[in-house]
Amino acid sequence: GVEFFKIKAVESLGEQKAWDSKQIIYLGSAAAAEFIADIFLCPLEAVRIRAVSDPEFCDGLADGFSKMLKAEGVGGFYAGFGPI
């Protein structure tokens, strides 16, 4: 993820300008990669936290995903996205 965004930044800026702005490129690339990772990991964390806080809720992640989807819909998986 991070490398992809760094390469795309260098391609769009050119090598010299990218070298002069390398800190901004590193920070921006890391932020973009983290944002995408959060999108994929938020549902996993939602199910994991629900399973830990309510041990009766599910027997595992697969069971937890299906139960959470039925109980709260897709929005339930991303309820904690803002704080992340």
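## Some details on the nonpolar core
Of all hydrophobic cores here, the largest spans six residues; its members are A46, V47, F57, C58, M68 and F77. Leaving out residues up to four positions away in the same chain, M68 has contacts with A46, V47, R50, F57, G73, G76 and F77.

## Details of the packing of helix α3 (residues 22-53) against helix α4 (residues 61-72)
One way to put it is that α3 packs onto α4 with a least axis distance of 10 Å and a crossing angle of 95°. Considering the angle they form, α3 stands roughly perpendicular to α4. Contacts between α3 and α4 involve P43, L44, A46, V47, R48 and R50 from the former and L61, G64, F65, M68 and E72 from the latter. Grouping the constituent residues of the contact of α3 with α4 by class yields seven nonpolar, one polar and three charged.

## Examining α4
Relative to the 16 Å expected for twelve residues at 1.5 Å per residue, α4 spans 16 Å between its end C-alpha atoms, a close match to the ideal helical length. G73, located one to two residues past α4, shows a positive phi value of around 75°.

## Observations concerning the pattern of salt bridges
Within this structure, the stated rule accounts for five salt bridges. Residues K6 and E3 are paired through a salt bridge, measuring 3.0 Å at the closest nitrogen-oxygen approach. Here the residue K6 and the residue E3 both occupy positions in helix α1 (residues 2-13), the gap between them amounting to three residues, near one helical turn. When the shortest N-O distance is used, the salt bridge between R48 and E45 registers 2.9 Å. Placement of the pair is R48 and E45 together in helix α3, with a separation of three residues, close to one helical turn.

## Quick word on the packing of aromatic side chains
In the structure shown here, the tally under the stated rule is four aromatic pairs. Aromatic side chains F4 and F5 sit 5.3 Å apart centroid to centroid with 75° between the ring planes, which places their arrangement in the edge-to-face category. With 5.6 Å between their ring centres and 35° between their planes, F65 and F77 make a pair best called tilted. Residue F65 is located in helix α4, and its partner F77 is located in helix α5 (residues 74-77); the two are separated by twelve residues in the primary sequence. For F65, a relative accessible area of 29% translates into the label partly exposed. When its relative accessible area of 8% is taken as the criterion, F77 is described as buried. Members of the aromatic cluster, connected to one another through ring pairs, are F35, Y78 and F81. Between the NZ or CZ atom of R50 and the centre of the ring of F57, over which it lies, the distance is 4.2 Å.

Definitions and cut-offs
- Residues numbered from 1 in each chain as written.
- Predicted model: local features only at pLDDT ≥ 70, side-chain atom pairs only at ≥ 80, totals over all residues.
- Heavy atoms only, no water.
- Core = buried A, V, L, I, M, F, W, Y, C linked by side-chain atoms within 4.5 Å.
- Buried < 20%, exposed > 50% of the residue type's maximum accessible area, 1.4 Å probe, protein only.
- Contact = heavy atoms within 4.5 Å.
- Axes fitted to C-alpha atoms, helices over the stretch in contact; angles between N-to-C directions.
- Helix = DSSP H or I, 4+ residues; strand = E, 2+ residues; numbered from the N terminus.
- Parallel < 35°, antiparallel > 145°, perpendicular 65-115°, else oblique.
- Nonpolar A, V, L, I, M, F, W, Y, C, P; charged D, E, K, R; others polar.
- Expected span 1.5 Å × (residues − 1).
- Salt bridge = Lys/Arg side-chain N within 4 Å of Asp/Glu carboxyl O.
- Phe/Tyr/Trp six-rings, centres within 6.5 Å; stacked < 30°, edge-to-face > 60°.
- Lys NZ or Arg CZ within 6 Å of the ring centre and 35° of its normal.

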